Amino acid sequence: IKRLSLTWQTISRRYFCDIKTRLKALEFLSIYVKHNDAILLDVQRISLWLHYCSSLKELRIMAPRQISNTLSNNDIGLHSFDFPQLHTLVLSTPGTSLVGSFLGMLYYKLMIAVMNLKNWQHIWITGFGNALITPVLSGLSEAKTLMLRIPHRVYLRETLSNVEHFAVELSLQERDPPNLELLELPSLKKLFLCTCLPMEWDVLCNLCCNVEELNIATCITNINQIHFQDKLVKLALCTCILRGKPYEPSSKAEQINKVIRIIVESFPNIREFELTTCKVCFGKPNDIVLDSLLGVFGKWKDLRRLKFEDLECIRSGNSLAHIFTTCSNLESISLKNLGLHGSCTYLCELCIGLRSCKNLKDFRLEQANILAVDCIITALKNCTKLERICIISSNHTVPPTNKNFKDMIRKLNKLVFLYLDLPTTKVQRKDFKKILKAEFGSSCPEFYSTIVNYGTKNCDSVNRLPAIHYFEMLEDVSRISRRPGNGRKFLYTS
């Protein structure tokens, strides 16, 4: 066996004994740890597998957000590792959930084992937060992919000369962050940047003259002019960019309008766009005038994927309806915590806009007080190419009727994923599951559905989800410059 990709569940020692001799020839190993509470036995057996993989060139381990364990000491009986030919290492878990977990200890020991290796091609390490001990940066002069936290500035020039995909996250506690203005990135195509301080567009433009994917998770200042970049097709920005200057009251309508138009006109070929909360200032633009101004993003005629998060300015939803109507190529929509939390006032316009989304494949809505989910279900019936639906809502939300739910399921014959997290009774959930079973039965093994009462944790249903659905739909992590390799590997950070 040269290549092996697997979803890890507790594997018996007997089964391991049958294949352990074949592991020595493995060159590529990808493991998805399906559980969000990986137990000690799982981690120990994974380490036993890795102990025998002495010919590995590429190692990828991915896991969902972990439940931290209380570790009394760092010695949990893990085996030793030796990968002299390793050139690709991906250890990816959302957030900082590895701190204090058994899986975190495995990642830590793996990093220690490879610290002296040379000739790296891809390194992608996430999940530790401020507890991450950055791997040594020597031997990275030929690296094409690099995701690190708090990089040592002394190695930055050597490290980045050939990098095509660079992702860096600087801690808010970093007292002396590296000077990013000094970086030269001639080969860069994908950039994710999360810094502890606001950043000027002029500096940013020097970093990304030829980028195709750009994800800036920090405050941006001096947005008066942006260099025209027609190569950029994927863009992720923070909501505070719409306020003008960070840490100050909201700007006037004309200033905000200018910022939006500069972005749209400077990057005319955007296919994927995300507008989410800034992790530095947590600014949430609430100017009601923005509700109509956001419609300018509808000028991106080739827009395929849209994600809006924490935009309190969206009240009537006119901007959403306009974008959905004008961007006829939309395939993926994700909306989270828009408008006022008191009620979902944009529901009517949202449903009107969805009628125009004939190419929609993914729909995700996370919003309190949707009131009538039936309206959304009715609108989604017209999106006959839909493959995945995720609706999460709390409080004053009425679930769909059995009849409407059944009609939607029958019309959406391409559906492979359905996740409903709504205030429901046990009887309602049972009825929905009966409808799904009658429609799909055993004829569609690739179909995954989860229907839970809001606020009820269902680890079993989450653990059985394939990685692609877990990360893209349930966790809704950014897909722009946040996954290593060619972009088809679903190894995300968040």
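Keep in mind that what you see is a predicted model, and the values were worked out from it rather than measured.

Definitions and cut-offs
- Within any chain, residue numbers begin from 1 and follow the written order of that chain's sequence.
- Per-residue local features are limited, in this predicted model, to residues with pLDDT of at least 70; the limit for side-chain atom pairs, both in listing and counting, is 80 or more; totals at the level of whole chains, interfaces and linings are taken over all residues.
- Just so you know, side-chain values use all the structure's heavy atoms and leave hydrogens and water out.
- Each helix is a run of H or I in the DSSP string that is no shorter than four residues. Each strand is a run of E no shorter than two, and both are numbered from the N terminus.
- Here's how the labels work: a residue is buried when its accessible area is under 20% of the maximum for its type, exposed when over 50%, partly exposed in between, all with a 1.4 Å probe on protein chains only.
- Note on contacts: a residue pair qualifies if any of its non-hydrogen atoms lie within 4.5 Å across the two residues.
- Here a salt bridge means any side-chain nitrogen of Lys or Arg lying within 4 Å of a carboxyl oxygen belonging to Asp or Glu.
- Whenever a nitrogen or oxygen atom comes within 3.5 Å of another N or O atom, the pair is scored as a polar contact, on the condition that within protein one atom can donate a hydrogen and the other can accept it, and that pairs from neighbouring residues in sequence are kept only if both atoms are in side chains.
- Here, expected helix span is obtained from the residue count minus one, scaled by 1.5 Å.
- Side-chain atoms within 4.5 Å are what join buried Ala, Val, Leu, Ile, Met, Phe, Trp, Tyr and Cys residues into a set we call a nonpolar core.
- Every angle, taken between N-to-C directions, lies between 0 and 180 degrees, and every axis is a line fitted to C-alpha atoms, over only the stretch in contact when it is a helix.
- Working rule for angles: under 35 degrees goes down as roughly parallel, over 145 as roughly antiparallel, 65 to 115 as roughly perpendicular, anything else as oblique.
- Each residue gets one of three labels, nonpolar for Ala, Val, Leu, Ile, Met, Phe, Trp, Tyr, Cys and Pro, charged for Asp, Glu, Lys and Arg, and polar for the others, Gly among them.
- Stacked, tilted and edge-to-face are the three classes applied to pairs of Phe, Tyr and Trp rings, where Trp contributes its six-membered ring and a pair requires centres within 6.5 Å; stacked means planes under 30 degrees apart, edge-to-face means over 60, and tilted covers the rest.
- Think of the arc as the fan of directions from the helix axis to the C-beta atoms.
- Values of pLDDT, which run from 0 to 100, indicate the predictor's confidence residue by residue.

**Student:** Help me get a handle on the overall build of the protein, residues and values and all.
**Tutor:** When helices and strands are counted, the protein shows 14 helices and 21 strands. Here the protein holds 494 residues, and 56% of them are scored as buried. For the protein, long-range pairs separated by at least 24 residues make up 73% of all intrachain contacts whose partners lie at least 6 apart in sequence.

**Student:** Pulling in residues and values, what's your account of the pattern of salt bridges?
**Tutor:** Counted by the stated rule, this structure contains 20 salt bridges. For lysine 190, the salt bridge identified is with glutamate 213, shortest N-O distance 3.9 Å. Linking lysine 190 in strand E8 (residues 190-194) with glutamate 213 in strand E10 (residues 213-216), this pair joins segments that are 23 residues apart in sequence. When its relative accessible area of 13% is taken as the criterion, lysine 190 is described as buried.

**Student:** So what's going on with the pairing of strand E18 (residues 388-392)? Which residues, and what values?
**Tutor:** Regular strands place side chains that alternate from one sheet face to the opposite one. Of all 5 residues making up E18, 5 are buried, and the element is well covered by its neighbours. On E18, burial covers both faces: Arg388, Cys390 and Ile392 on one face and Ile389 and Ile391 on the other are all buried.

**Student:** Describe the environment of threonine 88, and please don't skip the residues or the numbers.
**Tutor:** Mapped onto the elements, threonine 88 comes out in strand E4 (residues 88-92). Judged by relative accessible area, threonine 88 falls into the buried class, the value being 1%. Separated by 55 residues in sequence, threonine 88 and alanine 143 place their C-alpha atoms 9.3 Å apart. At a separation of 2.9 Å, a polar atom in the side chain of threonine 88 contacts the side chain of histidine 87.

**Student:** Describe the environment of serine 266, with residues and values.
**Tutor:** Along the chain, the position of serine 266 falls in helix H6 (residues 253-266). Taking C-alpha positions, serine 266 is 6.2 Å from isoleucine 226, a pair spaced 40 residues apart along the chain. With sequence-adjacent residues up to four places away left out, serine 266 is seen in contact with Ile226, His227, Phe228 and Gln229. Reaching out from serine 266, the side chain makes a polar contact with the backbone oxygen of isoleucine 262 at a distance of 2.7 Å.

**Student:** How would you summarise H6 if you had to cite specific residues and measurements?
**Tutor:** Relative to the 20 Å expected for 14 residues at 1.5 Å per residue, H6 spans 20 Å between its end C-alpha atoms, a close match to the ideal helical length. Taken together, the buried positions of H6 are occupied by Ile256, Val259, Ile260, Ile262, Ile263, Val264 and Ser266. Looking at the buried side of H6, the elements it contacts are strand E12 (234-238) and helix H7 (290-293).

**Student:** I'd like a rundown of the side chain of serine 47, residues and numbers included.
**Tutor:** By secondary structure assignment, the location of serine 47 is in helix H2 (residues 40-52). Overall, the relative accessible area of 0% leaves serine 47 in the buried class. Of the polar contacts made by the side chain of serine 47, one reaches the backbone nitrogen of histidine 79; its length is 3.3 Å. When neighbours within four sequence positions are excluded, serine 47 is seen to be in contact with Leu78, His79, Phe81 and Leu106.

**Student:** Give me the lowdown on the nonpolar core, citing residues and values where you can.
**Tutor:** In terms of nonpolar packing, the biggest core is built from 131 residues, with Leu50, Phe273, Phe308 and Phe324 touching the most fellow members. Residue contributions to this core peak at 7 residues, all from helix H3 (residues 102-113). With near-sequence residues (within four places) excluded, leucine 50 lies in contact with Leu29, Leu56, Leu59, Ile61, Phe81, Phe83, Leu106 and Leu110. With 16 residues, the next largest nonpolar core counts Val416, Tyr419, Val462 and Leu465 among its residues.

**Student:** Give a description of the environment of arginine 60 that names residues and reports values.
**Tutor:** Examined against the element boundaries, arginine 60 turns out to sit in strand E3 (residues 58-62). On the accessibility criterion, arginine 60 (7% relative accessible area) is buried. Within the local environment of arginine 60, its side chain forms a polar contact with the side chain of glutamate 58, the two groups lying 3.4 Å apart.

**Student:** For the side chain of histidine 165, give the residues involved together with the corresponding values.
**Tutor:** Within the secondary structure, histidine 165 is located in strand E7 (residues 165-169). In this structure histidine 165 comes out as buried when scored by relative accessible area, which is 3%. Looking at histidine 165, its side chain comes within polar contact range of the main-chain oxygen of serine 481, at 3.2 Å.

**Student:** Residue-level account of the packing of helix H8 (residues 318-326) against helix H9 (residues 347-354), with values.
**Tutor:** Here H8 crosses H9 at 5°, and the two axes come no closer than 8 Å. When the axis of H8 is compared with that of H9, the two are roughly parallel. Residue-level contacts link Asn318, Ala321 and Phe324 of H8 to Glu349, Leu350, Gly353 and Leu354 of H9. Here the residues of the contact of H8 with H9 are counted per class, giving 4 nonpolar, 2 polar and 1 charged.

**Student:** Please set out the packing of aromatic side chains residue by residue, giving values where relevant.
**Tutor:** Tallied over the full model, the rule gives 10 aromatic pairs. Between phenylalanine 273 and phenylalanine 297, the aromatic rings sit 4.7 Å apart at their centres with planes inclined by 40°, giving tilted as the arrangement. Of this pair, phenylalanine 273 sits in strand E13 (residues 272-276) while phenylalanine 297 sits in the loop between H7 and strand E14 (305-309), and the two are 24 residues apart along the sequence. Taken as a pair, phenylalanine 273 and phenylalanine 297 share a single burial class, namely buried. Each ring, one from phenylalanine 405 and one from phenylalanine 432, has its centre 4.5 Å from the other, and the planes form 35°; the classification is tilted. Remark: phenylalanine 432 occurs in helix H12 (residues 426-440) and phenylalanine 405 occurs in helix H11 (residues 402-411); sequence separation between them is 27 residues.

**Student:** Describe H11, listing the residues and the values that go with them.
**Tutor:** When H11 is considered as a whole, its buried residues turn out to be Asn404, Phe405, Met408 and Ile409. Burial along H11 is one-sided: seen end-on, the buried residues are contained in an arc of 135°. Across H11 from its buried face, at more than 90 degrees, point the exposed residues Lys403 and Arg410. In this structure, the buried side of H11 is in contact with helix H10 (373-380), E18, strand E20 (417-422), H12 and strand E21 (448-453).

**Student:** If you had to explain the confidence of the model for the protein to someone new, which residues and values would you point to?
**Tutor:** Low pLDDT means the predicted atomic positions in that stretch should not be read closely. Predicted confidence across the protein gives a mean pLDDT of 81, with 78% of residues reaching 70 or more. Low confidence marks residues 130-135, where pLDDT is under 50. Its contacts with residues over four positions away, or in another chain, come to 16 contacts.

**Student:** Quick one: what's the story with unusual backbone geometry, residue by residue and with numbers?
**Tutor:** Leave glycine aside and you will find that most residues have negative phi; peptide bonds, for their part, are mostly trans. Positive phi, normally seen in glycine, also occurs at leucine 371, with a value near 75°. For leucine 371, the position within the fold is in strand E17 (residues 371-372). By relative accessible area, leucine 371 is classed as partly exposed at 43%. Notably, asparagine 395 is not glycine yet its phi reads approximately 60°, a positive angle.

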